[in-house]
Amino acid sequence: MNKVGVIMGSKSDLPIMQDAIDILKGFDLEVEVDIVSAHRTPDKLFDYGKHAHTRGFSVIIAGAGGAAHLPGMIASLSPLPVIGVPIKSRNSIDGWDSILSILQMPGGVPVATVALDGAKNAGILAAQIIGAHDSLTLDKIVAFKENLKVKVNESAKDLQ
C-alpha cells in the first residue's frame, strides 16, 4: 500500500501541511492526516510511531513549529522514513527553533528535513520515495518534473 501519514503538532499547522496533502493526492497516493502533539499527546505519539508501519504507511510527513520534537520522536519510534517540515509558528524564533530541532538529529535517527514551511517539497519527496518501488508513482513523478521544465522554458520565452 502506498499510504502516507501526514501529521502535525496542532491544527494551526494545517494551512502549511495542506500543501503536502494536495501534492500527495495529485500523485493519487492515499493520505491519512492527524494531529499528534509530541508534548500534549505523548501516548498518541508513541502509539502512532510504533504502529505506523503495521497500518500500511510507506512514509510519514511530520510538521511542527516551535520546539518541533514531533518529527524526531516519530523517527525514533518508527522504522519508516520520516520527512520533517519545520513550521514558522506564532511562538517561533523566526522558524530557526523549528528548523534546528528537526535538522539536528543524533546519529541513528534520521529525519529528512525540508525548508521552513516547505510542505510541498515534503509531499514531492514522499512520492519520490514511494516511486522508487512503485512504477505508477514513478511515472507521475517523471511527468511532474517534465512539467516543471516546461513551465520554466515558457517563462524564459516570455522574457524574450
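See the structure printed just above.
Residues numbered from 1 in each chain as written. Predicted model: local features only at pLDDT ≥ 70, side-chain atom pairs only at ≥ 80, totals over all residues. Heavy atoms only, no water.

**Re the overall build of the protein chain**
Phase 1 of the analysis: From N to C terminus, the protein chain includes 6 helices and 5 strands.
Phase 2 of the analysis: Traced from its N-terminal end to its C-terminal end, the protein chain shows the element sequence β-α-β-α-β-α-β-α-β-α-α.
Phase 3 of the analysis: For the protein chain, the C-alpha radius of gyration of 16 Å lies close to 15 Å, the compact-globule estimate for 160 residues.
Phase 4 of the analysis: Evaluated residue by residue, the protein chain yields a buried proportion of 43% over its 160 residues.
Phase 5 of the analysis: Counting only contacts in the protein chain whose residues sit at least 6 apart along the sequence, the fraction spanning at least 24 positions is 68%.
Phase 6 of the analysis: In the form shown here, the protein chain has an accessible surface area of approximately 8,500 Å², with 56% of it arising from carbon and sulfur atoms.
Phase 7 of the analysis: Side-chain charges of the protein chain comprise 15 positive and 17 negative groups, with the mean position of each set lying 1 Å from the other. (Helix = DSSP H or I, 4+ residues; strand = E, 2+ residues; numbered from the N terminus. Rg over C-alpha atoms; globule rule 2.2 N^0.38 Å. Buried < 20%, exposed > 50% of the residue type's maximum accessible area, 1.4 Å probe, protein only. Contact = heavy atoms within 4.5 Å. Areas by Shrake-Rupley, 256 points an atom, 1.4 Å probe, with all protein chains shown as cover. Lys, Arg positive; Asp, Glu negative; His and termini not counted. Charge placed at Lys NZ, Arg CZ, Asp CG, Glu CD.)

**Observations concerning the sheet that holds strand 1 (residues 3-8)**
Phase 1 of the analysis: Strand order across the open sheet formed by 5 strands is 2-1-3-4-5, with parallel pairing between neighbours. Edge strands, defined here as strands with exactly one partner in the open sheet, are strand 2 (30-35) and strand 5 (112-113).
Phase 2 of the analysis: The pairing of strand 1 with strand 2 spans 6 bridges and is parallel. Paired with Val4 across the bridge in strand 2 is Val31.
Phase 3 of the analysis: Running over the sheet, helix 1 (residues 14-26) touches strand 1, strand 2, strand 3 (57-65) and strand 4 (82-87) and is turned about 175 degrees from strand 1. (Pairing = 2+ DSSP bridges. Axes fitted to C-alpha atoms, helices over the stretch in contact; angles between N-to-C directions.)

**Description of the nonpolar core**
Phase 1 of the analysis: By size, the foremost hydrophobic cluster in this structure holds 25 residues, and its most contacted members are Val6, Met17, Leu24, Ile61 and Val85.
Phase 2 of the analysis: Put simply, the parts of the chain that give this core at least two residues each are strand 1, helix 1, strand 3, strand 4, helix 5 (119-131) and helix 6 (135-159).
Phase 3 of the analysis: Counting 20 residues, the second-largest nonpolar core is a separate cluster that includes Val36, Ala38, Ala68 and Ile102. (Core = buried A, V, L, I, M, F, W, Y, C linked by side-chain atoms within 4.5 Å.)

**Some points on helix 1**
Phase 1 of the analysis: Between the first and last C-alpha of helix 1 there are 18 Å, a value that for 13 residues agrees with the 18 Å anticipated at 1.5 Å per step.
Phase 2 of the analysis: Turning to helix 1, its buried residues number three or more, namely Met17, Ala20, Ile21, Ile23 and Leu24. Seen along its axis, helix 1 keeps its buried residues to an arc of 165 degrees; they face one direction. In this structure, helix 1 carries Pro15, Lys25 and Gly26 as exposed residues pointing more than 90 degrees from its buried face.
Phase 3 of the analysis: Those residues of helix 1 that are buried lie in contact with strand 1, strand 2, strand 3, strand 4, helix 5 and helix 6.
Phase 4 of the analysis: Phi turns positive, to about 60 degrees, at Asp28, one or two residues after helix 1. (Expected span 1.5 Å × (residues − 1). Arc of directions from axis to C-beta.)

**Brief notes about the pairing of strand 3**
Phase 1 of the analysis: Burial within strand 3 is extensive, with 8 of its 9 residues counted as buried.
Phase 2 of the analysis: Sheet topology places strand 1 next to strand 3; 6 bridges connect them, and they run parallel. Bridge pairing links Lys3 to Phe57 in strand 3.
Phase 3 of the analysis: Note that strand 3 and strand 4 share 6 bridges and pair parallel. Paired with Gly63 across the strands is Val85, a residue of strand 4.

**Notes on the packing of aromatic side chains**
Phase 1 of the analysis: Under the counting rule described, the total for this entry stands at 2 aromatic pairs.
Phase 2 of the analysis: On the numbers, 5.4 Å between centres and 70 degrees between planes, the contact of Phe27 with Phe144 is edge-to-face. Here the residue Phe27 occupies a position in the loop between helix 1 and strand 2, and Phe144 occupies one in helix 6, the gap between them amounting to 117 residues.
Phase 3 of the analysis: Sitting above the plane of the Phe57 ring, Lys3 keeps its charged end 4.7 Å from the centroid. (Phe/Tyr/Trp six-rings, centres within 6.5 Å; stacked < 30°, edge-to-face > 60°. Lys NZ or Arg CZ within 6 Å of the ring centre and 35° of its normal.)

By themselves, these figures tell us nothing about what the structure is for.
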